[in-house]
Amino acid sequence: MANNKLMKWALVGIGISLLLYVGSIVYFEARLGYLQPQGSTSLLLATFDSNDKRHERVLRLEQMEGKHYIAVNHWPRRWYRHALGNPNVEAKMPGEENFRPFQAIPLDGEELRRISEQYAVGLNFRIRTGFPPRRFLRLDPA
């Protein structure tokens, strides 16, 4: 009888811990989406949905071999789905005043492997964001 009670309390504790962890991820992602912090490596990306409605999102710009890359590092990824559906995007690069047109190109193969290795994120970040699948887009001038 005592073992059953102990097992129930252990399951309750695990359940509460899991809920707290998921809640902390939701809070972190919602706060990040609301604040959209900008730094010296941030760009403002404009994507367009199926109704041609404009959506803007602050993202971190990664660069490799003179090319521009952006990563999907979080669970909120509507901007990524918009870019896949309509790769004609606009971006305001760091230090620039105006948006410029780009083509958003999904990566695969060797290019994806190289950029993923160069811009790997740490375990602490992965835990904090709930281990979202990571994807990259290359921004080619249009």
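Use the structure listed above.
Rules of the game
Residues numbered from 1 in each chain as written. Predicted model: local features only at pLDDT ≥ 70, side-chain atom pairs only at ≥ 80, totals over all residues. Heavy atoms only, no water. Helix = DSSP H or I, 4+ residues; strand = E, 2+ residues; numbered from the N terminus. Buried < 20%, exposed > 50% of the residue type's maximum accessible area, 1.4 Å probe, protein only. Polar contact = N/O pair within 3.5 Å; in protein donor to acceptor, adjacent residues only side chain to side chain. Salt bridge = Lys/Arg side-chain N within 4 Å of Asp/Glu carboxyl O.

### Points about unusual backbone geometry
Item 1. In the Ramachandran plot, E65 falls in the positive-phi region, its phi being about 55° despite a non-glycine side chain.
Item 2. Turning to its location among the elements, E65 is positioned in the loop between β2 (54-64) and β3 (67-72).
Item 3. For F131, which is not glycine, the phi torsion reads 55° and is therefore positive.
Item 4. For F131, the position within the fold is in the loop between α4 (123-129) and β6 (135-141).
Item 5. Overall, the relative accessible area of 42% leaves F131 in the partly exposed class.

### Things to note about the side chain of T47
Item 1. In this fold, T47 is placed in strand β1 (residues 42-48).
Item 2. Within the structure, T47 has its side chain in polar contact with the side chain of H82 (distance 3.4 Å).

### Quick word on the pattern of salt bridges
Item 1. For the structure shown, the criterion picks out nine salt bridges.
Item 2. One salt bridge in this structure joins E110 and R113, with 2.3 Å as the shortest N-O distance. Residue E110 and its partner R113 are located together in helix α3 (residues 109-118), separated by three residues, close to a single helical turn.
Item 3. The partly exposed category is assigned to E110, whose relative accessible area is 41%.
Item 4. Overall, R113 belongs to the partly exposed group, its relative accessible area being 37%.
Item 5. Among the ionic pairs, R138 bridges to E111, the shortest N-O distance being 2.7 Å. Taken together, the residues R138 in strand β6 and E111 in helix α3 connect sequence positions 27 residues apart. Of the two residues examined, R138 and E111, each falls in the buried class.
Item 6. It is possible to trace a salt-bridge network through shared partners that takes in R54, E56 and E90.

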